Amino acid sequence: MVKDGCAHVKPAAATDLSVFLLVTWSLWWQTGHEDHVGPDPPRSESNCLLRVQEVSVALKQGQVTPTELCQRCLSLIKKTKFLNAYITVSEEVALKQAEEAEKRYKKGHSLGDLDGIPIAVKDNFSTSGIETTCASNMLKGYVPPYNATVVQKLLDQGALLMGKTNLDEFAMGSGSTDGIFGPVKNPWSYSKQYREKRKQNSHSENEDSNWLITGGSSGGSAAAVSAFTCFAALGSDTGGSTRNPAAHCGVVGLKPSYGLVSRHGLIPLVNSMDVPGILTRCVDDAATVLGILAGHDPKDSTTIQDPVKPFTLPSLTDVSKLCIGIPKEYLTPELSSEVHSLWSKAANLFESEGAKVIEVSLPHTSYSIVCYHVLCTSEVASNMARFDGLEYGHRCDSSVSTEAMYAATRREGFNDVVRGRILSGNFFLLKENYENYFVKAQKVRRLIANDFVNVFNSGVDVLLTPTTLSEAVPYTEFIKEDNRTRSAQDDIFTQAVNMAGLPAVSVPMALSTQGLPIGLQFIGRAFCDQQLLTVAKWFEKQVQFPVIQLQELMDDCSSVFENEKLASVSLK
């Protein structure tokens, strides 16, 4: 039986904090009262406004209803429409689900911690009766007849599906800029923290034209969580597509161990590396969602056979028995000085609290991005072959011949990025190239995986690395490089984890001098996801990452729970 992440723990005691006091005070602090003289506003243990479990308690005590939550999130989705985080907003579905959740709560029959909680899903997960496009003309108008396993598990817990989030076409990209529905804008572009720093630095450019990218390819999900339109969102992670946007948007991004969570219903990019990812505002919430999603799925033969029980993370107080590894190969010339500095500060933080921090070597790291490119494009070429215009998806009007229809359909349906990866992959898979490229890349992949095995066998518990090379960059800067170049740069710290099948989580640490979030990555042993999250939770509590200050949105955000009834909520 899979042990819950190599750590035997007892459920953490719930905090004795009033939900009403927590929300209204911390939101009051954000909306123009930074000159207040007195103690800081109270924070939840995880430093996000409210954890999922805290909201669940409020729902169970009848202090707020699922319909009120749903309506407020829908209001925020409409107000933040300019972010382009959502492709489809399932308003009617969500309100109906909220109504059903409300009936259950009145009867005292809650389905679990996610009952009545708004969530969002990346638009490459199949959703029954709701359009699933992968942000591509090839699947525009496609409505699946079934739910992805992870989506079904969330719905079985009573979660409210707010909508489908934006992405790079078929999840190929690192900016969420290359889908047919347009790029996603980073909520931090409109934060008080960022705008004040820009004014201090005498930037006079038009603010609306200098917005920041979210990272990708799960940028829509990251933006949706960051802008408070939902409490959790699903992303997909093939080479860092959940962790990268999480770092840029100041949220938590978890890539579980390969095989821990079912891929059934996730439209495949690279079967041997794809993993459903989780984006939340705090580590506890990521653990809550993972506990629901993890486990065997008979529809996915790559999932673990043993059952996995939901778990609650402990509040780690002593890190003296931990050994933290710092891979020396991750100190690259391209790494920004600010990220490097924060990485060093994080290592020093663990060391000052008694943890053993050592430099380790992952000697084949320099080959990983090239190896990833060969394997990724090869599997992409194979997976994209199914989109031929014959059975589903886009079909061109050509009737000259089957071959002409097939070619025209793929030319019209795929963008240049997807077609480029298909061409590369088919080149590597040619009979005369197969041994020299694909087979060699598989051998290098094994060496990369063994590097991690050797490090963890040496006594290291968790690796600490950067997630991205720098903070989020403006869109106008990002598009100066092509998709292939950008992906190679942005995936440098993340893709090796996918090739090794390990769990990893990006946790926001601090704001840069520009007032933008910078995240760091923790990498754990295979199937030791709970141990990894326990360490990440401790780190999150130490750094106390600030809440995004979206002043123009705060009126709506604060009224999510701004109800005098909440004054009586006690989380005991």
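Per an unreviewed UniProt entry, the chain carries the name Glutaminyl-tRNA amidotransferase subunit QRSL1 and comes from Ovis aries.

Chemist: Looking at this structure, I do not really get the sheet that holds strand β8 (residues 356-360). What am I missing?
Modeler: Sheet strands pair by backbone hydrogen bonding; their relative direction is either parallel or antiparallel. On the basis of which strands lie adjacent, the open sheet formed by 11 strands has the order β1-β3-β2-β4-β6-β5-β10-β11-β9-β7-β8 and mixed pairing. Only two strands of the sheet have a single neighbouring strand rather than two, namely β1 (86-89) and β8. Going from strand to strand, the sheet's axes swing by 30° on average, the running direction of each strand aside. Where strand β7 (residues 323-327) and β8 come together, five bridges link them in parallel fashion. Each residue of the ladder has a partner; that of Ile324, found in β8, is Val357. In the packing of helix α5 (residues 149-156) onto the sheet, contacts are made with β2 (118-122), β3 (160-165), β4 (232-237) and β6 (275-280), and the angle to β4 comes to roughly 165°.

Chemist: I'm lost on the pattern of salt bridges in this one. Help?
Modeler: Applying the stated criterion to the full structure yields 12 salt bridges. The salt bridge involving Lys103 is made with Glu99; its shortest N-O contact spans 4.0 Å. Of this pair, Lys103 and Glu99 both sit in helix α4 (residues 91-107), four residues apart, which is roughly one turn of the helix. For Lys103, a relative accessible area of 47% corresponds to the partly exposed category. Residues Arg104 and Asp115 are paired through a salt bridge, measuring 2.7 Å at the closest nitrogen-oxygen approach. Taken together, the positions of Arg104 in helix α4 and Asp115 in the loop between α4 and β2 put the pair 11 residues apart, joining distant regions of the chain. A single burial state applies to Arg104 and to Asp115, both of which are buried. Shared partners join several salt bridges into a network, and the residues in it are Arg51, Glu54, Asp284 and Lys537.

Chemist: So what exactly am I meant to see when it comes to helix α7 (residues 219-226) here?
Modeler: Note on helix geometry: an α-helix contains 3.6 residues per turn, so any two residues three or four positions apart are oriented the same way. Of all eight residues that make up α7, eight are buried, and the element is covered over most of its length. Buried-residue contacts for α7 involve β1, β2, β3, β4, α8 (243-249) and β6. Phe228 lies just past α7 and shows a positive phi near 70°.

Chemist: How should I be thinking about the confidence of the model for the chain in this particular structure?
Modeler: For any part of a model where pLDDT is low, the fine detail of the predicted coordinates should not be relied upon. For the chain, per-residue confidence averages 89 on the pLDDT scale, and residues scoring 70 or more make up 86% of the total. Note on residues 1-5: pLDDT is under 50 here. Beyond four places in sequence and across chains, it has 14 contacts. Across residues 7-47, confidence stays below pLDDT 50; counting only partners more than four residues off in sequence or on other chains, it has 92 contacts.

Chemist: Explain the side chain of Thr365 to me, please; I cannot follow it from the model alone.
Modeler: By the secondary structure assignment, Thr365 is in helix α11 (residues 365-384). For Thr365, a relative accessible area of 16% puts it in the buried group. In this structure the side chain of Thr365 is engaged in a polar contact, spanning 2.7 Å, whose partner is the backbone oxygen of Leu362. Ignoring sequence-local partners within four residues, the contact set of Thr365 consists of Glu329, Tyr330 and Asp451.

Chemist: Help me understand the pairing of strand β9 (residues 462-466), please; the structure alone is not making it clear to me.
Modeler: Along any regular strand the residues' side chains alternate between the sheet's two faces. Within β9, five of the five residues are buried, leaving the element largely enclosed by the surrounding structure. Judged from the two bridges that link them, β7 and β9 form a sheet pairing that is parallel. Paired with Gly325 across the two strands is Leu463, which belongs to β9. Relative to strand β11 (residues 517-523), β9 runs antiparallel, the two sharing four bridges. Each bridged residue has a counterpart across the sheet, and for Pro466 the counterpart in β11 is Leu520.

Here is what the cut-offs are and how they apply
- Residues numbered from 1 in each chain as written.
- Predicted model: local features only at pLDDT ≥ 70, side-chain atom pairs only at ≥ 80, totals over all residues.
- Heavy atoms only, no water.
- Pairing = 2+ DSSP bridges.
- Helix = DSSP H or I, 4+ residues; strand = E, 2+ residues; numbered from the N terminus.
- Axes fitted to C-alpha atoms, helices over the stretch in contact; angles between N-to-C directions.
- Contact = heavy atoms within 4.5 Å.
- Salt bridge = Lys/Arg side-chain N within 4 Å of Asp/Glu carboxyl O.
- Buried < 20%, exposed > 50% of the residue type's maximum accessible area, 1.4 Å probe, protein only.
- pLDDT = per-residue confidence, 0-100.
- Polar contact = N/O pair within 3.5 Å; in protein donor to acceptor, adjacent residues only side chain to side chain.

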